[in-house]
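# Per-entry structural report
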Amino acid sequence: MLFRSKWFPAGASFGHTGWTGTSLWIDPTSRSFMIFLANRVHPDGKGDVTPLRRELSTLAAEAMGRDVGAVLNGIDVLAKNKFAQLKGLKLGLITNHTGQDRARNATIDLLHKAPGVSLVALFSPEHGIRGALDEKVSDSKDEQTGLPVFSLYGVRRTPAPEQVAGLDALVFDIQDIGCRFYTYPATLINCLEAAAKAKKKFIVLDRANPIGGNAVEGPLLVGTNSFVAWRNVPLRHGMTLGEVARMVNAERGFGADLTVIPVEGWARAQWFDELGQPWTNPSPNMRSLAAAALYPGVGLLESALSVGRGMDTPFEVVGAPYVTDDVRFAAELNRAGLPGVRFHPVRFTPTASTF
């Protein structure tokens, strides 16, 4: 790690540092490598080239451009391959405002303009095609492309047979946050099943799990599946939506013609702030990576407490009218000694949801 530089990604690049100072680092994603030849033991064995080799590695990465160590989402990989997997197909795109490439170009616009690609319909999940709604979503028309937008969070949550009849494939591109009761995975599963029944291709433009792909935590679902409980997986499931699609397609026997355009360069230990990608709020109250990290646990409390919906920092505050002593409340929580968590007394008036 003392040679990796600040750009080569941890977990996705690797190398070796020799005792004399000779060092090698390789980044498969950018197809680049750095070799440093040195002899710190000359002349008296007291030399130290660690700061120098780290600086040289950083300079080399920067000289090769910003894409060294870059994590590419499915849409970036698709564009890099000149949309080859979609050529000649009539497409319906399930997406929202989080469907974008690393330069913030909307997937809607990229597919609409791509040569040989025919985008004919859009499907909108919860919060709408632009992610601004916290209510039921209606069918509409996209102002920029003129394409019809069919809601999957209104009178229906699955594409109707007549809406997919004229399509060759459904394409899915939405950023999830890695929590079971977020609704985007349920939308994915409903659309995957609809594609299987209609004998249409289903293509997932995959995205990294923003809170990492190693930690799997929290209680399993008890009871039947629902739109906010799509399978008996832990609350923090550790999967990408492409992995969810593969798992559900196999376990439920959908038999869908499924293709996943994978994320490139992502190490499962990486969180979103290590990916070099722009953050876009996945939903109105998911306003930061901190909120996404807290959501799987804090969201469990929402029937009994306000979790700050409508405030500037949703899921970073909790409270209720019956908590009359905020100082004592914070002190009792801190006494539990939960690793990585600190509680501070605060008073607030929520503008949405519980209380």
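Each remark here, short or long, concerns the structure printed above.
Residues numbered from 1 in each chain as written. Predicted model: local features only at pLDDT ≥ 70, side-chain atom pairs only at ≥ 80, totals over all residues. Heavy atoms only, no water.

## Section: the sheet that holds strand S10 (residues 257-261)
Within the open sheet, the 7 strands sit side by side as S6-S7-S5-S4-S8-S9-S10. Their pairing is mixed. Each edge of the sheet is formed by a strand with only one pairing partner; in this case those strands are strand S6 (140-141) and S10. Judged from the 5 bridges that link them, strand S4 (residues 90-95) and strand S5 (residues 118-124) form a sheet pairing that is parallel. Within the sheet, the bridge partner assigned to Lys90 lies in S5 and is Ser118. Sheet contacts for helix H5 (residues 184-197): S4, strand S8 (169-173), strand S9 (201-205) and S10; angle to S9, the most-contacted strand, approximately 155°. Packing against the sheet, helix H6 (residues 241-251) makes contact with S8, S9 and S10, and its axis sits at approximately 160° to S10. (Pairing = 2+ DSSP bridges. Helix = DSSP H or I, 4+ residues; strand = E, 2+ residues; numbered from the N terminus. Contact = heavy atoms within 4.5 Å. Axes fitted to C-alpha atoms, helices over the stretch in contact; angles between N-to-C directions.)

## Comments concerning unusual backbone geometry
The phi angle at Ser353 is positive, at roughly 65°, despite the residue not being glycine. Following the sequence through the fold, Ser353 ends up in the segment after helix H8 (326-335). Residue Ser353 is classed as partly exposed on the basis of its relative accessible area of 48%. Unlike most non-glycine residues, Phe355 shows phi in positive territory, near 55°. Among the secondary structure elements, Phe355 is positioned in the segment after H8. (Buried < 20%, exposed > 50% of the residue type's maximum accessible area, 1.4 Å probe, protein only.)

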